[in-house]
Protein chains: 2
Amino acid sequence: MNVGTFILDLSMSLDGFIAGSKDDKNPDSELGALDILHDWRFGGQSSTETEAYEVEKFKPMGAGIVGRRMLDLGIGPWGENPTFHMPIFVLSHETRKPITRQGGTTYTFITEGIESTLKRAKEAADGKDIMLLGGADVAQQYLKAGLLDEIHLHLVPVLLGEGIRLFENIGTEQINLEQISVIEEPGVTHLRFRVVK
Amino acid sequence: MNVGTFILDLSMSLDGFIAGSKDDKNPDSELGALDILHDWRFGGQSSTETEAYEVEKFKPMGAGIVGRRMLDLGIGPWGENPTFHMPIFVLSHETRKPITRQGGTTYTFITEGIESTLKRAKEAADGKDIMLLGGADVAQQYLKAGLLDEIHLHLVPVLLGEGIRLFENIGTEQINLEQISVIEEPGVTHLRFRVVK
């Protein structure tokens, strides 16, 4: 069986944050930070460049994985017909009914941990690639377990000063990466790395 | 009087570290981390591409600023004839005699804080640019004070998991940046940003 590449794909500020702070008393600040990090994607819907990039990005993907908290934040912006067009597996502590969206996107909740979730996603992907959409804690777990194949970052030119850091709690063992590609676009730089195993 | 651009220029791991941890009991780990972050420069002395990049980088510079701790770490690797070829002002708590190197590089110790040091460097630069070489605490002070004009990062494809973070202690006020240029080289990506004021 062909097994696809397992790819982490996230927008990150130059100072390493992928979301606003966890301060639940001030949810606006968190959404504010998310807006800034995703303006290159959602703010530029009219940009054919950005659209083409999205389509190109999801073309080789057969399934996605996302943390429950990230799903809660993303499910609105991702809309009724998400650009995923594939099954998305949600790492969760609670059982929930699957959610079906237009265009082939489904959100299926898995409660058996990161390895089982990856196994389910690989089966669903059937040889195509699997995309890890975040959030930070899920990404850190997969990184630390050595299960990630590639890291694709959308580096946004802003310093937030606070928030949820992507690269934290990943242990102190050096993880070597190889540059795959660097693409500069207005308001964002797309960086792709291979995890050296 | 023309005033040059004040530029922070540092090598950084993808997880945001510019040096190893401050553990003085284990200096090897720190130097190890530094080696990894500077291999693209010092490891590739035979690379005409890297040499050309260095020469091009320092050409518009009239002076440099560096923290005392960074000087102590860098003064060896930078050698007897550093590529700077200009006066370097060292932010220091103690008075020390200036150190003269070949090819126009001098290290002058300033004890009156970041603004006085920048003033001295601007005078010496005489309209040319001023380069801030680090370390993290000095960079953070200049960033927070709103005195930096540009940030040039040499992003190294490695996750260190620990060390000294560049973007920390810079307050929680969002700092917007503009992408100036992105240059991909083997083993490093050079990112240049303008600080929006």
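Now for a look at the structure at hand. (Residues numbered from 1 in each chain as written. Chains lettered and ligands numbered in written order. Predicted model: local features only at pLDDT ≥ 70, side-chain atom pairs only at ≥ 80, totals over all residues. Heavy atoms only, no water.)

**Concerning helix α5 (residues 136-144) of chain B**
(1) Moving on: Every buried residue of α5(B) is accounted for by A136(B), V138(B), A139(B), Q140(B), Y142(B) and L143(B).
(2) Moving on: Looking one or two residues past α5(B), G146(B) carries a phi angle of roughly 70 degrees, positive in sign. (Buried < 20%, exposed > 50% of the residue type's maximum accessible area, 1.4 Å probe, protein only. Helix = DSSP H or I, 4+ residues; strand = E, 2+ residues; numbered from the N terminus.)

**Structural notes on the interface of chain A and chain B**
Interface size is commonly expressed as the accessible surface area that is lost when the partners come together.
(1) Moving on: Facing the 36 residues of chain A at the interface are 36 residues of chain B.
(2) Moving on: A per-residue breakdown of the area chain A buries against chain B is headed by L14(A), L159(A) and Q179(A), which together make up 24% of the total.
(3) Moving on: There are two salt bridges connecting chain A and chain B.
(4) Moving on: Between E168(B) and R165(A) there is a salt bridge whose closest N-O contact spans 4.0 Å.
(5) Moving on: The tally of links from chain A across to chain B stands at 12 residue pairs in polar contact (both at pLDDT 80 or more).
(6) Moving on: For the side of chain A that touches chain B, the elements supplying multiple residues, two or more each, are β8 (150-156), β9 (158-159), β11 (175-185) and β12 (188-195) of chain A.
(7) Moving on: In terms of residue count, the dominant contributor to the side of chain A that touches chain B is β11(A) (nine residues).
(8) Moving on: Partitioned by chemical class, the residues of the side of chain A that touches chain B number 20 nonpolar, nine polar and seven charged. (Contact = heavy atoms within 4.5 Å. Buried area = accessible area lost by both parts, 1.4 Å probe. Salt bridge = Lys/Arg side-chain N within 4 Å of Asp/Glu carboxyl O. Polar contact = N/O pair within 3.5 Å; in protein donor to acceptor, adjacent residues only side chain to side chain. Nonpolar A, V, L, I, M, F, W, Y, C, P; charged D, E, K, R; others polar.)

**Describing the sheet that holds strand β1 (residues 6-13) of chain B**
(1) Moving on: Reading across from one edge, β9(A)-β11(B)-β12(B)-β8(B)-β1(B)-β7(B)-β3(B)-β4(B)-β6(B)-β5(B) is the order of the 10 strands in this open sheet, with mixed pairing throughout. Each having just a single partner strand, β9 of chain A together with β5 (99-100) of chain B make up the two edges of the open sheet.
(2) Moving on: Against the sheet, helix α3 (residues 68-78) of chain B touches β1, β3 (61-67), β4 (87-91), β5 and β6 (106-110) of chain B, its axis set at about 120 degrees to β3(B). (Pairing = 2+ DSSP bridges. Axes fitted to C-alpha atoms, helices over the stretch in contact; angles between N-to-C directions.)

**What about the packing of aromatic side chains?**
(1) Moving on: Using the criterion set out here, one finds eight aromatic pairs over all chains in the structure.
(2) Moving on: Judged by centre distance (5.3 Å) and plane angle (80 degrees), the ring pair of F58(A) and F84(A) falls under edge-to-face. Within this pair, whereas F58(A) is found in helix α2 (residues 48-58), its partner F84(A) is found in the loop between α3 (68-78) and β4 (87-91), the two being separated by 26 residues in sequence.
(3) Moving on: Accessibility expressed as a relative area gives 7% for F58(A), which makes it buried.
(4) Moving on: Here the aromatic rings of F6(B) and Y142(B) are separated by 4.9 Å at their centres, their planes lie at 80 degrees, and the arrangement is edge-to-face. Of this pair, F6(B) sits in strand β1 while Y142(B) sits in helix α5, and the two are 136 residues apart along the sequence. The pair formed by F6(B) and Y142(B) is uniform in burial state, with each residue classed as buried.
(5) Moving on: Among the aromatic residues, ring-to-ring pairing joins F58(A), W78(A), F84(A) and Y107(A) into one connected group. (Phe/Tyr/Trp six-rings, centres within 6.5 Å; stacked < 30°, edge-to-face > 60°.)

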